[in-house]
Amino acid sequence: MIAPTNSMGPVDNTRSLRSALRALPYRAVEITGGFWARYQETNRTMSLPHGFAMLEEAGNLRNLRIAAGMEEGAFAGFLFADSDIYKWLEAVAWELGRSPDATLQAMADTAIGLVQAAQEEEGYLDSYYQIAAPAARWTNFDHGHELYCAGHLIQAAIAFHRALDDDRLLAVALRFVDHIEEMFGPGRRDETCGHPEIEMALVELFRVTGEARHLALAQLFVDRRGRNRMGGHAGYGPVYQQDHVPVREANEVAGHAVRQLYLTTGVTDLYMERGEHALMDAMLRLWADMTQRKLYVTGGIGSRFDGESFGAPYELPADTCYCETCAAIASLMWNWRLLLVTGHSRYADLFERTLYNGVLSSPGLEGASYLYVNPLHVRAGRYVRASTDNARGNVATRPAWHSCACCPPNVMRILSSLNHYLATASSTGIQVHQYAASRLDLSLDGKAAVVEMETGYPWDGEIALTVRETPAMRWSLALRVPAWCRGYAVTLNGNAITPHRDESGYLVLDREWRAGDALVLTLEMQPAFIMPNPRVDAVRGCVAVERGPLVYCVESHDQPAGVDLLDVQVATAGPLETVPVDLLGNPLIAIRLSGRADGAWQDALYRPLDAISQAAPCSVPLTAIPYFAWGNRGMDSMRVWSPQAPAG
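Position labels on residues start from 1 in each chain and follow its written sequence. Given that this is a predicted model, residues contribute local features only at a pLDDT of at least 70 and side-chain atom pairs are listed and counted only at 80 or more, while totals for whole chains, interfaces and linings are drawn from all residues. Heavy atoms from the whole structure form the basis of all side-chain values; hydrogens and water molecules are not counted.

> So what's going on with the sheet that holds strand S1 (residues 22–23)? Residues and values would help.
The rule for pairing is simple: two strands pair if DSSP sees at least two bridges between them. Counting from the N terminus, the helices are DSSP H or I runs at least four residues long and the strands are E runs at least two residues long. Strand order across the open sheet formed by six strands is S1-S4-S5-S9-S13-S12, with mixed pairing between neighbours. Among the strands making up the open sheet, the edge pair consists of S1 and strand S12 (500–501). As defined by bridge partners, strand S4 (residues 423–425) adjoins strand S5 (residues 429–432) across three bridges and the pair is classed as antiparallel. The residue of S5 that forms the bridge with alanine 425 is isoleucine 430. Pairs of residues are marked as contacts when any of their non-hydrogen atoms sit within 4.5 Å. Angles here are taken between N-to-C directions and fall from 0 to 180 degrees, while the axes themselves are lines fitted to C-alpha atoms, restricted in helices to the stretch in contact. Of the strands in this sheet, S1, S4 and strand S13 (506–512) are in contact with helix H12 (residues 325–342), which crosses S4 at around 30°. Packing of helix H13 (residues 345–359) onto the sheet brings it into contact with strand S9 (474–480) and S13, and relative to S9 it is tilted by some 45°.

This is the structure in structure tokens:
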């Protein structure tokens, strides 16, 4: 039903072999107001200019100048520093594709000019090896990141091609890919990259060029994994780089979390294009392992700071967890592709949970500071490891940047392109997966269809959709019922209806729509306590609070003076009351709940079980805020999971 177009977003599966749903043209969906419009505006006016300034200050851009022969000097930063520029450029492309901006355009032109100038005649481009280690090119596949950086260059190039019809970066990327194919194509060197990324990029490049060799190269890099040749890192062997088992035989997510999910994203892309069931079967096994045994309630992944890695099943500590922002973003990318393949709401559900909690906890509300690591429990603001490279082990606020700065521009590109992930189309109609004030303007069988969505989501569960234009034909409008929702109501033109809910978890209304038709979905959005599987021993006996798609936390800033969150137990028999608050100019919904504080232990670290304290715990009122908003008033105590108070 949806006409193919070159003006697509990050994923174009309009011609893919295996897809239940099709991504919409990039400009088909516009976020028009509300929660996400505010974030996109902050990203546009604060984050992207801030990112350019930080790339200049940290030396990333100067690296390109040195590689191009414009300046002299030493290489600065990690050897994959170029990738931060490429992610920032991708974010700018999607942003400019939504609306022009002369300042951002000038910044992008500067960066693109440096990329062009730094590329060598044979196509090679990687400023670290051009400056610091020219003799070491294509020798360190475990940790060298050359193919990883190339992958991010390809994605930035595709963004400029699709969003702006600007092929300057695409010309650079194609020359580099030609060089890579000469080195590692069929019959050439039998290598693959220790950090997956180029796989998904090459599949997307195939979707742009239609050249089968680009898809074949992605397949080669996937097939070369699992030979136990890579050396690993930080006490991990080949599992760190997912080189311990062939992709088709994998049964669990393991090793470095970002690497693992960048790989699964690329493999799912391959399945979409080639339809190899063994690949998809493996992806479904890995998704089940992740969601049933290794996923934080925020959608975060990676339980170990050591190796930035997955842990054992149910190893989900709240305080020492890693939950890297890039890993959460990788989860978004993978779940989006799984949704496109299957059409099942479970993947949109996890996308939503991760976006609102696992990703949005990274950027500060002001848009110029970021967490790399996202803990679920902090004690008195000490030992907050906001960065992988933070030597002090604690920070007072979110850092403005990081020496390993992969996460900030990753957040920027997700926010810039967020409209891409709201809705899809199929042969039967339109599906709405994420709720935001927006306008959908697309073509059904070559005829215009326009749907406007108004909502106060995630604070309010009412979603009002109005059909503004429609072809004279039957088509379906499908709305996701979130997994967290315990009840809902639907009206059409003011009349209560009971639409069919399909096996994929969507309410489906199939009819001949008319301009002016008004459909309202109201999702019950009451706060509720949740508890963990008791096998998650780190938080056994604890509870957390959710409301709608948001996970909440208690932060010491909001509690009565003198209350130590280490002493607090939550009284789950008490009421949960929602209250609007303003946090640094940002309107939020907070939740008031009842707690008990037990200070009877004093200085005792242990005591006999039969030495029952005679002092009764005192009641304390508690206030919880959305987890994504924590840490914006300085780092202090915070926890998502709190012990449940005994009944009575």
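> Report on the packing of helix H2 (residues 60–67) against helix H3 (residues 81–98), specifying residues and quantitative values.
Running from N to C, H2 and H3 cross one another at 110°; their axes reach a closest spacing of 9 Å. Judged on the interaxial angle alone, H3 and H2 are roughly perpendicular. Crossing of H2 against H3: the hand is left-handed. In this structure, H2 uses Asn60, Leu61, Asn63 and Leu64 to contact H3, whose residues at the interface are Ala81, Asp82, Asp84 and Ile85. The classification used treats Ala, Val, Leu, Ile, Met, Phe, Trp, Tyr, Cys and Pro as nonpolar, Asp, Glu, Lys and Arg as charged, and all other residues, Gly among them, as polar. Class assignment of the residues belonging to the contact of H2 with H3 gives a composition of four nonpolar, two polar and two charged. Angles below 35 degrees are treated as roughly parallel, those above 145 as roughly antiparallel, those between 65 and 115 as roughly perpendicular, and all remaining angles as oblique. By convention the crossing between two helices is left-handed if the near helix lies anticlockwise of the far one by an angle smaller than a right angle, and right-handed if it lies clockwise.

> I'd love a proper account of the sheet that holds strand S10 (residues 488–492), names of residues and values included.
Ordered by their spatial adjacency, seven strands build an open sheet running S2-S6-S7-S8-S14-S10-S11, and the pairing between neighbours is antiparallel. For this open sheet the edge positions go to strand S2 (29–31) and strand S11 (495–497), each flanked by a neighbour on one side alone. Pairwise comparison of adjacent strand axes, ignoring direction, gives a mean angle of 20° for this sheet. Where S2 lies against strand S6 (residues 438–444), three bridges are found, and the strand directions are antiparallel. In the sheet register, isoleucine 31 faces S6, and the bridge partner there is serine 438.

> Can you explain the environment of arginine 285? Please cite residues and give values.
Within the secondary structure, arginine 285 sits in helix H11 (residues 277–293). Distance in space between the C-alpha atoms of arginine 285 and glutamine 644 is 33 Å, their sequence separation being 359 residues. Among residues more than four places away in sequence, those in contact with arginine 285 are Arg248, Glu249, Ala250 and Asn251.

> So what about the pairing of S5? Which residues, and what values?
Connecting the antiparallel pair S4 and S5 is a turn made up of three residues. Bridge analysis of S5 against S9 gives four bridges, and the strand direction is parallel. Note that in S9 the partner of isoleucine 430 across the bridge is leucine 477.

> Break down the packing of aromatic side chains for me, with residues and values.
Classification of ring pairs rests on two measures: the distance between centres of Phe, Tyr or Trp rings, Trp counted by its six-membered ring, which must be within 6.5 Å, and the angle between planes, read as stacked under 30 degrees, edge-to-face over 60 and tilted in between. Counted according to the given criterion, the structure contains 27 aromatic pairs. On the basis of an interplanar angle of 75° and a centroid distance of 5.0 Å, the ring pair of tryptophan 138 and phenylalanine 184 is categorised as edge-to-face. Of this pair, tryptophan 138 sits in the loop between helix H5 (127–131) and helix H6 (146–164) while phenylalanine 184 is found in helix H7 (residues 168–184), placing the two residues 46 residues apart along the sequence. Buried residues are those whose accessible area, probed at 1.4 Å on protein chains only, stays under 20% of the maximum for their type, while exposed residues exceed 50% and partly exposed ones sit between those limits. Relative accessible area serves as the criterion here: at 0%, phenylalanine 184 is assigned to the buried category. For the pair tryptophan 336 and tyrosine 421, a centre-to-centre distance of 5.1 Å together with 80° between the ring planes defines the contact as edge-to-face. Taken together, the residues span a long stretch of sequence, with tryptophan 336 in helix H12 and tyrosine 421 in the loop between helix H14 (407–416) and S4 at a distance of 85 residues. Tyrosine 421 gets classed as buried once you look at its relative accessible area, which sits at 5%. Following the ring pairs from residue to residue traces out a cluster consisting of Phe35, Trp36, Tyr39, Tyr356, Tyr435, Tyr457, Trp459 and Phe628. Lysine NZ or arginine CZ positioned within 6 Å of the ring centre and within 35 degrees of the ring normal marks a charge as sitting over the ring. Directly above the aromatic system of tryptophan 513 lies the positively charged group of arginine 511, at a separation of 5.1 Å from the ring centroid.

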